[in-house]
Amino acid sequence: MRGRDLLVACVALMTACGVLTACSSDDPAPPAPRPSGIAEIKPCDFFTQDELDEYELHDPGPLTSPVVGCMWQGSKFFEDASTVLVLTLQDRSADDELAALGSSSGERISERKAVNGRRVWRDTTPGKDVTCGLIFEIDGSSSAELKLSEFLGVSDAEPTQQDLCKGLDELAPRVEEKLPAVRT
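As the structure is a computational prediction, the values presented were derived from the model and not from experiment.

S.K.: Got a sec to walk through the pattern of salt bridges? Specific residues and values, please.
M.R.: Tallied over the full model, the rule gives ten salt bridges. The closest approach of N and O atoms between arginine 34 and glutamate 176, which form a salt bridge, is 3.1 Å. A residue pair is termed long-range when its members are at least 10 positions apart, and arginine 34 in the loop between α1 (2-23) and α2 (49-55) and glutamate 176 in helix α4 (residues 161-176) qualify at 142 residues. On the basis of relative accessibility, which here comes to 36%, the residue arginine 34 falls in the partly exposed class. Salt-bridge contacts for arginine 122 lead to aspartate 169; the nearest nitrogen and oxygen are separated by 2.6 Å. Note that arginine 122 is positioned in strand β5 (residues 120-124) and aspartate 169 in helix α4, a separation of 47 residues in sequence. In this structure arginine 122 comes out as buried when scored by relative accessible area, which is 12%. The exposure class assigned to aspartate 169 is partly exposed, which follows from its relative accessible area of 37%. Taken together, the shared-partner salt bridges in this structure form one network comprising Glu51, Glu54, Arg174 and Lys178.

S.K.: Before we move on, could you go through the packing of aromatic side chains and cite the residues and values that matter?
M.R.: Think of a pair of aromatic rings as described by two things: how far the centres are apart, and how the planes are tilted against each other in angle. On inspection of all chains with the given rule, the structure shows three aromatic pairs. Where phenylalanine 46 meets phenylalanine 47, the ring centres are 5.2 Å apart and the plane angle is 85°; that geometry is what we call edge-to-face. For the pair phenylalanine 46 and phenylalanine 47, a shared accessibility class is recorded, and that class is buried. Each ring, one from phenylalanine 47 and one from tyrosine 55, has its centre 5.5 Å from the other, and the planes form 85°; the classification is edge-to-face. Relative accessible area serves as the criterion here: at 4%, phenylalanine 47 is assigned to the buried category. Linked through ring pairs, Phe46, Phe47, Tyr55 and Trp72 together constitute an aromatic cluster. In this structure, lysine 178 packs its charged tip against the face of phenylalanine 46, placed 5.6 Å from the ring centre.

S.K.: An account of the sheet that holds strand β2 (residues 68-74) is needed here, citing residue identities and associated values.
M.R.: Spatially, the seven strands line up as an open sheet ordered β1-β2-β3-β7-β6-β5-β4, and their pairing is antiparallel. Since the sheet does not close on itself, it has two edges, and those belong to β1 (57-63) and β4 (108-111), each with one partner. The average angle at which neighbouring strand axes cross in this sheet is 20°, direction not considered. Across five bridges, the pairing between β5 and strand β6 (residues 131-139) is antiparallel. In the sheet register, tryptophan 121 faces β6, and the bridge partner there is isoleucine 135. Running over the sheet, α4 touches β3 (83-90), β5, β6 and β7 (142-150) and is turned about 25° from β6.

S.K.: Which residues make up the state of the cysteines, and what values do they have?
M.R.: As enumerated under the stated definition, the model contains two disulfides in all. Disulfide partner of cysteine 44: cysteine 70, at an S-S distance of 2.1 Å. A torsion of 100° about the S-S bond marks the disulfide between cysteine 44 and cysteine 70 as right-handed. Residue cysteine 44 is found in the loop between α1 and α2, and its partner cysteine 70 is found in strand β2; the two are separated by 26 residues along the sequence. The exposure class of cysteine 44 is partly exposed, given its relative accessible area of 24%.

S.K.: I'd like a description of α4, backed by residues and values.
M.R.: With 16 residues, α4 extends 21 Å from end C-alpha to end C-alpha; this agrees with the ideal 22 Å at 1.5 Å per step. Its maximal kink placed at glutamate 170, α4 deviates by approximately 35°, while the proline proline 173 follows within four residues. All buried positions along α4 are accounted for by Leu164, Cys165, Gly167, Leu168, Leu171, Ala172, Val175 and Glu176. Next to the buried residues of α4 lie α2, β3, β5, β6 and β7.

So, how was this worked out
Throughout this description, residue numbers start from 1 for each chain and increase along the sequence as written. With the structure being a predicted model, the display of local features is reserved for residues of pLDDT at least 70 and the display and counting of side-chain atom pairs for 80 or more, all residues being used for whole-chain, interface and lining totals. The side-chain values count all of the structure's non-hydrogen atoms but skip hydrogen atoms and water molecules. Put simply, a salt bridge is a Lys or Arg side-chain nitrogen that is within 4 Å of an Asp or Glu carboxyl oxygen. Labels follow the DSSP assignment, with helices taken as runs of H or I lasting at least four residues and strands as runs of E lasting at least two, numbered in each case from the N terminus. Relative accessible area decides the class of each residue, using a 1.4 Å probe on protein chains only: under 20% of the type maximum gives buried, over 50% gives exposed, and in between gives partly exposed. Each Phe, Tyr or Trp ring, with Trp reduced to its six-membered ring, pairs with another whose centre is within 6.5 Å; inter-plane angles below 30 degrees give stacked pairs, above 60 give edge-to-face pairs, and intermediate values give tilted ones. The criterion is that NZ of a Lys, or CZ of an Arg, lies within 6 Å of the ring centre and within 35 degrees of the ring normal, and then a charge sits over that ring. Here the rule is simple: two strands pair whenever DSSP picks up at least two bridges between them. All axes here are fitted lines through C-alpha atoms, helices being fitted over the stretch that makes contact, and every angle between N-to-C directions spans 0 to 180 degrees. In this description, contact between two residues means that some pair of their heavy atoms is separated by no more than 4.5 Å. Throughout, disulfides are identified as pairs of cysteine sulfur atoms within 2.5 Å of each other. To estimate how far a helix should extend, the number of its residues minus one is multiplied by 1.5 Å. Bend angle per residue: angle between axes fitted to the 7 residues ending at that residue and the 7 residues starting there.

Below, the structure written as C-alpha cells:
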C-alpha cells in the first residue's frame, strides 16, 4: 500500500508543478485587436510604452490639419544622429496618395514586398533631404504612411537613405499588425 500511496503522491505533485509552471510561463500577450478603421487610431498612442522604449522614441508631437498623425524623435535607427519618425493617417487610398506624391513632389516610389498580405510602397526623396517612407494600403478610401528622416540641426552625423529605409523595414511588420485589416 505504501508504494502505491507514494506513486499517487508523486503523480499529484508532478501534476501540481505542471499546472503551476503553465500558470507562470512568460507567454507573450496576444496582439491587441485591429481597429476597424483609421478613425479608431490615436496616432500618438500608436506605439506602446515598451515599443517606444525599444525603438528609443520620445517627445511625441501630434500633427493636425491637413494630416492626422504623430511625430517622435529618436536615435535607434541611426546611432550617431537624432531622427524623426512620423506616422500619418490619410483619408485617401494608397493609390490616390501615390499619384499625388509622384506628380507633385518628384519622389521615387516603388512597391515593396507585401507585409502580412498588405501592399506597401517605399517613398524616397531625391536630393539633399534624406528621408524614407512606407505607404500602407488600408482600403479604397484610406492609407497610412510611416516616414523616417534626419532630425535636422541636432547632430553632425547624417544618415543615408539606406540607413533610414533599413530602420523602416524593421518596423514595417509591427506597424502593419496595428493597422485596420486590409479591405478591398
